[in-house]
Structure formats: C-alpha cells, structure tokens
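Residue-level listing of the chains:
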Amino acid sequence: MNIKYFLYVRLWKNNSSLIQLLGLCPVLAMTTNSINAIGLGMTTTIVLTITNTIISTLKRIIPHDIRIPIYMILVSSIVTSIEMLIHAYQFNLYQSLGIFIPLIVTNCIIVGRADLIAYKNSIIVSFFDGIFIGLGSTFAMFIIAFIREALGNGTLFFGINKIIHSTDNFMFVHLLDKNSTIILAVLPPGGFFILGCIIAIKNAIDLYFKKQTVIKNINCSCICKTKK
Amino acid sequence: MKKYQKILQSAFLISFFSTISIASVVYINSITKNKIINQQEQEKNILLETVVPSKIYNTFTKKLYNIQNQFLGDNKTHNLWILFKNQKLEAAVVETTAPDGYSGSINILVAAYCNGKIIGARVLSHKETPGIGDKIDISISNWITKFNNIVVSSLQDKNFRLKKYGGQIEQFTGATITPQSVTNAIKKTVIFIKTIPTIFNQLK
C-alpha cells in the first residue's frame with residue numbers, strides 16, 4: 001500500500017470533518033477555544049484507534065447480522081472508560097469538554113470507520129486508519145478553533161494548562177485587544193460561517209491543484225506528440 | 001432448528017461482548033474512583049479559597065452540610081460550608097443558583113459573615129452570551145468582586161440593586177438581565193446565611 005496516498009486520503013481528501021461532514025455537533029460546539037478542540041480531537045482519535053483495533057482483531061467472531069450492536073457496546077464501554085480516566089487524570093480538560101466526551105459514542109465517524117475499514121481490513125491498517133482519521137478531524141477542529149478563538153476572544157491557546165499541567169495559567173498568546181474582537185466568531189452562527197469558509201478554501205486549493213495537474217498532462221501529451 | 005441456533009449464537013455473542021465491556025468499565029471505575037473523588041474535593045477547596053481570601057480562610061475551621069432552601073434559587077440540594085472560629089459560627093459559603101439568567105441558570109458560590117457582610121462571590125457555571133453576559137465570570141471581568149464587603153440588611157435593601165434601579169451595584173454595558181439575576185441571587189443567599197445561626201441546630 002502506498003503510505004503517502006493512505007495519509008493523503010485520510011488527512012486531506014476524505015477529511016471526516018471537512019469532506020464527509022461527520023460529527024459536526026462537537027466540531028461546532030467545542031471549537032470556540034483551540035485547547036478544547038485539541039483535547040476533544042485527541043480523545044476522539046484515541047477512541048477511534050482503540051475501537052478500530054479491537055474490532056479488527058475480533059472481526060472473525062463478529063457475525064455480520066449483529067455487528068452494529070456489538071460496535072455500539074464496544075464503543076460505549078471504551079468511551080466510558082476514557083471518560084473516567086480523563087476525569088481522574090485531566091480534571092480541567094474533563095470540565096471543559098463536559099458532555100462532549102460521552103457524546104463521542106454517538107459520533108458517526110467511530111461506527112462509520114469501524115464498519116468501513118476495521119471490519120474488512122487487517123489490524124495494522126485499522127490501527128493507522130483510526131490514528132489518521134482522528135488526526136484529520138483534530139486538524140480540522142484546530143483550524144476552526146484557531147480562527148474562532150483569535151477573532152472572538154483575541155487569544156490563542158487560552159487554558160493551555162488544562163492539557164500541560166506544568167505550564168502557567170497565563171501562558172497563552174494575546175492577539176487582539178478585547179475591544180477589537182468579533183463576538184460573532186465565538187457564537188454558533190460564526191462557527192457555521194467559519195466552517196463554510198474553510199471548506200470553500202479547501203475546495204479552492206483542490207481545484208487549483210486539479211487544474212495544475214490537467215495543464216501538466218496537456219503539456220506532457222503535447223511534448224510527446226511533437227517528439228513523435 | 002438451525003434458525004434457533006443462529007438466534008442463540010447471536011444472543012450469546014452479544015452477552016459475551018456486554019460482559020467483557022461491563023467488566024472493563026467496572027475495572028477502570030475501581031482504578032479511578034478514589035482519584036475522581038479527590039479531584040472533586042480539591043476543586044471545591046480551590047473554589048472556597050478563591051471566594052474566601054486565604055488570610056481569612058486559614059483562620060476558620062469548616063464543616064460541610066447539604067441543604068435545600070427556597071432562598072437558594074431551586075429545589076435542589078446545595079453544598080453549604082459553615083465556617084467556625086473558636087467553635088463559634090462566624091460565616092458560611094453556599095453554592096446557590098440564579099434561576100433567571102438570560103440564557104438559563106447561573107450557579108454561584110457566595111461567602112458571607114452571619115451579620116450579612118459579603119466576603120466574596122464567584123460564578124461556578126453559566127450559559128450567558130459570550131462578550132455580553134459572560135462578564136459575570138472572573139476570568140473575563142472583575143465585576144463580581146464589586147460585591148466584596150457590601151452588607152445586605154434585608155430583602156428590601158434598596159442599595160443592593162443595580163444603579164439602573166436606584167441601587168449601588170454597577171451593571172455592565174449591553175446587559176441588564178444577567179447582572180440583575182446574579183445580584184438578586186447573591187442578596188437572597190446572604191439573607192439565607194444570616195438565618196443560619198437560628199437554624200443551625202436543625203442542620204445537625
């Protein structure tokens with residue numbers, strides 16, 4: 001398998017948040033702050049990786065008819081366990097993410113990848129699929145949160161001590177004065193608007209590279225013809 | 001027969017996976033249970049120390065009670081810390097609720113002496129509009145610290161209102177409902193704290 005293509009498909013071409021538009025509820029709710037976005041993204045990545053690996057390991061004993069209930073049992077127990085671990089060892093992050101940790105159970109990305117990839121592929125493929133689909137989602141969430149936090153609060157990485165305990169509470173970047181912020185950015189409509197803009201930019205980038213490839217191919221075919 | 005066999009097989013597999021899942025969750029719970037309780041206790045102590053300055057806080061011994069009272073905004077059970085000095089009831093810290101916030105309930109921690117003098121107040125959680133109503137939060141604005149050392153005489157205290165309604169309390173630009181809601185909740189809570197010496201025997 002081409003590793004470069006494997007990464008490209010999962011992180012860019014089929015990005016679960018920007019292309020498939022799966023699990024948008026936590027994406028829009030938790031992206032008012034970049035630290036919360038990273039926290040939720042990493043939690044989702046861990047759940048995805050563990051779920052994919054377990055389902056891929058047990059795929060031979062899971063009957064096709066009852067695979068979905070079994071996925072749900074496994075996903076819910078994994079999420080509950082991770083929720084308890086975060087509650088115990090990352091209390092500040094737990095308080096920020098709140099209801100969105102148990103809501104990972106209902107995230108379409110998890111069951112979608114379990115059925116599409118883990119149930120049909122090897123353990124290694126499933127494991128890395130979980131990691132990179134999760135990282136793709138985290139990357140999308142971080143970009144949205146980066147813009148929303150910068151415009152709406154004028155800060156960046158506010159509350160970094162939630163993730164890295166050794167850091168000081170005030171170790172964040174001040175970008176804008178409080179009076180220069182745009183409140184709309186941190187409100188739900190702003191979230192939708194910024195998500196739409198990011199999707200548009202991504203599509204524009206894709207279109208640009210597609211055009212470049214077409215031009216390259218045309219030039220190449222012309223050169224080949226003249227040589228003949 | 002084959003049909004029943006398949007049903008039994010499916011039932012067995014779902015039961016098997018459920019059992020394993022429950023076992024793993026129970027195991028994780030047993031590992032994290034004490035740590036979670038410690039974290040919650042630590043969090044409560046941190047909150048208490050933010051409301052009551054440490055130079056005052058360290059002179060008290062405290063005892064936690066659970067209480068229900070109409071002055072605390074709802075019918076739920078609230079935490080009440082009674083602060084003693086030389087075995088004498090001096091002050092209290094109460095978790096209270098402002099039920100009439102602009103975007104829902106606002107949970108507040110209020111500390112006051114039994115004579116009605118406010119030691120401090122902090123908003124624990126709220127759903128107020130970012131940039132407008134969220135100025136009640138200490139991380140956004142120091143508005144809530146303006147209640148420190150104010151004395152509440154009674155529920156009809158005319159000074160303990162927003163300036164807009166002829167009182168002493170400043171509101172903030174663009175919002176009236178949120179600060180009014182917090183002000184009323186703090187006033188009612190302090191009135192409740194003033195009654196604690198009379199109802200103290202019932203708490204035990």
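Per an unreviewed UniProt entry, the recorded name for chain B is Ion-translocating oxidoreductase complex subunit G, and the organism is Buchnera aphidicola. In UniProt, chain B has this text filed under Function (unreviewed entry): "Part of a membrane-bound complex that couples electron transfer with translocation of ions across the membrane."

Going by the annotation in an unreviewed UniProt entry, the name recorded for chain A is Ion-translocating oxidoreductase complex subunit E, with Buchnera aphidicola given as the source organism. Note on chain A: under the UniProt heading Function (unreviewed entry), the record states "Part of a membrane-bound complex that couples electron transfer with translocation of ions across the membrane." The UniProt entry for chain A carries this comment under Sequence similarities (unreviewed entry): "Belongs to the NqrDE/RnfAE family."

## Some details on the overall build of chain A
Along chain A, the regular secondary structure elements total eight helices and two strands. When the helices and strands of chain A are placed in sequence order, the string is α-α-α-α-α-α-α-β-β-α. A total of 228 residues make up chain A; the buried ones form 46% of that total. Partitioning the intrachain contacts of chain A with sequence separation of at least 6 by distance along the chain shows that 76% fall at a separation of at least 24.

## Some details on helix H7 (residues 123–152) of chain A
Compared with an ideal rise of 1.5 Å per residue, which puts 30 residues at 44 Å, H7(A) spans 42 Å between its outermost C-alpha atoms and is within 8% of the ideal. Downstream of H7(A) by one or two residues, A:Gly154 has phi in the positive range, about 75 degrees.

## Description of empty space enclosed by the protein
Space left empty within the atom packing is revealed by a probe, the size of a water molecule, rolled over the atoms. Residue and element names in this part refer to chain A. Per the counting criterion, the structure on display carries one cavity of 30 Å³ or more. Space inside the largest cavity adds up to approximately 40 Å³. Taken together, Leu-22, Gly-23, Pro-26, Val-27, Leu-40, Thr-44, Ile-104, Asn-107, Ile-109, Ser-137 and Met-141 make up the lining of the largest cavity. Considering only residue class, the lining of the largest cavity consists of seven nonpolar, four polar and no charged.

## Thoughts on the UniProt feature "transmembrane region" (unreviewed entry) in chain A
Residue and element names in this part refer to chain A. Listed under "transmembrane region" (unreviewed entry) in the UniProt record, and renumbered for this structure, are residues 39–58, 70–87, 93–111, 123–147 and 181–201. Helix makes up 95% of residues 39–58 and strand makes up 0%, while its end C-alpha atoms are separated by 29 Å. With 100% helix and 0% strand, residues 70–87 has end C-alpha atoms that lie 26 Å from one another.

## Digging into the environment of A:Met30
Residue and element names in this part refer to chain A. Looking at where Met-30 falls in the secondary structure, it is placed in the loop between helix H2 (24–29) and helix H3 (34–57). The buried category is assigned to Met-30, whose relative accessible area is 5%. The spatial distance from the C-alpha of Met-30 to the C-alpha of Gly-191 is 9.8 Å, given a sequence separation of 161 residues. With residues near it in sequence (within four places) discarded, Met-30 still touches Asn-36, Ala-37, Leu-40, Ser-96, Leu-97 and Phe-100.

Rules and cut-offs
- Residues numbered from 1 in each chain as written.
- Chains lettered and ligands numbered in written order.
- Predicted model: local features only at pLDDT ≥ 70, side-chain atom pairs only at ≥ 80, totals over all residues.
- Heavy atoms only, no water.
- UniProt positions renumbered as here; feature names shortened; annotations may be inferred.
- Helix = DSSP H or I, 4+ residues; strand = E, 2+ residues; numbered from the N terminus.
- Buried < 20%, exposed > 50% of the residue type's maximum accessible area, 1.4 Å probe, protein only.
- Contact = heavy atoms within 4.5 Å.
- Expected span 1.5 Å × (residues − 1).
- 1 Å grid on protein atoms, 1.4 Å probe; cavity = no way out; pocket = protein on both sides within 12 Å on 5 of 7 lines; lining within 4 Å.
- Points joined across faces, edges and corners; volume = space filled by probe spheres on them.
- Nonpolar A, V, L, I, M, F, W, Y, C, P; charged D, E, K, R; others polar.

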